[in-house]
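Working through the structure, step by step
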Amino acid sequence: MRILPLLIGGVLGLAAGAASAFFAAGMIGSGASVGDQIDVNGWKSDWTIGSTSANPWTRARIARHGLLALTKEEAVYFTTNMDSDGNRLSEDCTYEVSGGDMPGQWWSITLYDAQSYLPLNKDNALSFDQTKAASSGAEDAWSFTVAATDPETGNWVSSQAGGDFDMTLRIYRPTPDLIADPEGVLPTPGVKRLACGGDA
Amino acid sequence: MRSFLTGLAAFAVTFLLAHFVVLSALPGQIMSKVRERMADSGIPLHSWTMSPRMTPQTQTVVRPSPDLAYAICLIDVSEGPVELSVPAWPEYGSLSIFEADTDNVYAGSVDARAEGATGMRRVIVALEGQDLDEYGEAEQVIVSKPEALALIRRLAPSQAAYEAAAALIPASRCAPL
């Protein structure tokens, strides 16, 4: 009668092992983040993204949530799903995102939904980047509003249809200093929650 | 008690086995599906194809950057090496190559302002053991499986810049040698 527990344990193990792999890769649910090796004030990254040294969990998560990502020498990716007070980012709230010059050749901040796609709206306000910061005359002290509707003044990134969203900061051709010491060098953008729901 | 321990041991062994087999297979499976989807949408093998400007309605892979102009070339080196050549761009730009398991095995600048920049970046993609002696001048990238994918990214936040990037496609090459 040893065969029955062997069989039950084996079948349950196979199912649980496969399910846990799908969960770890972010195929089930939306809990997977881009990486967890580096966390600078809630902006998370992983220097093994895209590289042959990535562990199986990172490679699987990136395949699902950041396919075709570049290695750190070409681009680094920092993602946050929280405001500066640690609250989950939500389409129901309005935020002010602000920061300064970034340590690299070019940078951008783009908003994605929980499935890692651009939110399905037609607002044509998907990202804020160095080009927009420079054209507004404030490359060293820029800010933009994240909201589901156009604030009418200032720079805007739309969260309409974003649900519980996140934002990815890309820095292309990052400086060697940033790669060597991200916690000490990255001037993390501030994400200030202004109002939620009817609070506005 | 012994039956319980037997079941527990079977669970632990098969759990670990299934976890790592599925986890290791996922990147290749995802890449393969994306490749199939690209082929179904009309992207041919060995030809640079410009992606439309990235919007919520045109996105086909996760986390596209709406500020970049992308061009894709699907590669298969099973019959021999493939040559890529990509003209320079006046702002940020890169040529990158991805293996079948998603690893980014090559990234080179196509920014005309970069140190040592030339008007054209030329790369040969090949499998280990394929003869590359006669192509000494070009950079060489060895991939572990025949199927690979090349991508050009060019900073193009406006329609005019996107069109300028698209105009460089006829002067670009992605073809077997």
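Note that the coordinates shown come from a computational prediction; the quantities given were computed from them, not determined experimentally. (Residues numbered from 1 in each chain as written. Chains lettered and ligands numbered in written order. Predicted model: local features only at pLDDT ≥ 70, side-chain atom pairs only at ≥ 80, totals over all residues. Heavy atoms only, no water.)

1. A closer look at the packing of helix H1 (residues 3-24) of chain A against helix H1 (residues 2-40) of chain B
Two numbers describe how H1 of chain A lies on H1 of chain B: the axes approach to 6 Å, and their chain directions differ by 30 degrees. Taken together, the axes of H1 of chain A and H1 of chain B lie roughly parallel to each other. The element H1 of chain A and its partner H1 of chain B pack so that their crossing is right-handed. A class-by-class count of the residues in the contact of H1 of chain A with H1 of chain B yields 16 nonpolar, 10 polar and no charged. (Axes fitted to C-alpha atoms, helices over the stretch in contact; angles between N-to-C directions. Helix = DSSP H or I, 4+ residues; strand = E, 2+ residues; numbered from the N terminus. Parallel < 35°, antiparallel > 145°, perpendicular 65-115°, else oblique. Left-handed = near helix turned anticlockwise from the far one by under 90°. Nonpolar A, V, L, I, M, F, W, Y, C, P; charged D, E, K, R; others polar.)

2. Considering the layout of surface pockets
The computed volume of the largest pocket comes to approximately 450 Å³. Forming the boundary of the largest pocket are 32 residues, of which Leu68 of chain A together with Val61, Val62, Pro64 and Tyr70 of chain B lie nearest the centre. Elements with a minimum of two residues in the lining of the largest pocket: helix H2 (56-65) and strand E9 (166-174) of chain A together with H1, strand E1 (49-50), strand E2 (68-76) and strand E8 (147-155) of chain B. In terms of residue class, the lining of the largest pocket is built from 20 nonpolar, 8 polar and 4 charged. (1 Å grid on protein atoms, 1.4 Å probe; cavity = no way out; pocket = protein on both sides within 12 Å on 5 of 7 lines; lining within 4 Å. Points joined across faces, edges and corners; volume = space filled by probe spheres on them.)

3. Examining the sheet that holds strand E3 (residues 82-87) of chain B
Paired through backbone hydrogen bonds, the strands of a sheet run either parallel or antiparallel to each other. Residues and elements named next belong to chain B. Read across the open sheet, the 4 strands follow the order E7-E6-E3-E9; overall the sheet is mixed. Among the strands making up the open sheet, the edge pair consists of strand E7 (139-143) and strand E9 (173-176). Ignoring which end each strand starts from, the neighbouring axes of this sheet average 20 degrees apart. One ladder, built from 4 bridges, connects E3 with E9; its direction is antiparallel. If you follow Glu83 over to E9, its bridge partner there is Ala175. (Pairing = 2+ DSSP bridges.)

4. Examining the pattern of salt bridges
Residues and elements named next belong to chain B. Scanning all chains against the criterion turns up 9 salt bridges over all chains. Measuring nitrogen to oxygen at the nearest pair gives 2.7 Å for the salt bridge that ties Asp111 to Arg113. Assessed through its relative accessible area of 3%, Asp111 is described here as buried. The exposure class of Arg113 is exposed, given its relative accessible area of 53%. We note a salt bridge from Arg121 to Glu139, for which the minimum N-O separation is 2.7 Å. With Arg121 in strand E6 (residues 120-127) and Glu139 in strand E7, the pair connects residues that are 18 residues apart, well separated along the chain. (Salt bridge = Lys/Arg side-chain N within 4 Å of Asp/Glu carboxyl O. Buried < 20%, exposed > 50% of the residue type's maximum accessible area, 1.4 Å probe, protein only.)

5. Details of the UniProt feature "domain: DUF1214" (unreviewed entry) in chain A
Taking the numbering used here, the UniProt-annotated feature "domain: DUF1214" (unreviewed entry) corresponds to residues 74-175 of chain A. A distance of 10 Å separates the end C-alpha atoms of residues 74-175 of chain A, which is 6% helix and 42% strand. (UniProt positions renumbered as here; feature names shortened; annotations may be inferred.)

6. Concerning the domain arrangement of chain A
Residues and elements named next belong to chain A. Looking at the assigned domains, one finds that chain A contains domain 1 (1-32) and domain 2 (36-196). The C-alpha-based centres of domain 1 and domain 2 are spaced at 34 Å. In this complex, domain 1 contributes 6 residues to the contact, which on the side of domain 2 involves 6 residues. Across the domain 1 to domain 2 interface the summed buried area is about 520 Å²; carbon plus sulfur atoms make up 62%. Counting the contacts that link domain 1 with domain 2 gives 0 salt bridges. If you look at where domain 1 meets domain 2, you find 1 residue pair in polar contact (both at pLDDT 80 or more). Of the residues that constitute the side of domain 1 that touches domain 2, the class distribution is 4 nonpolar, 2 polar and no charged. (Domains from an automatic or database assignment. Contact = heavy atoms within 4.5 Å. Buried area = accessible area lost by both parts, 1.4 Å probe. Polar contact = N/O pair within 3.5 Å; in protein donor to acceptor, adjacent residues only side chain to side chain.)

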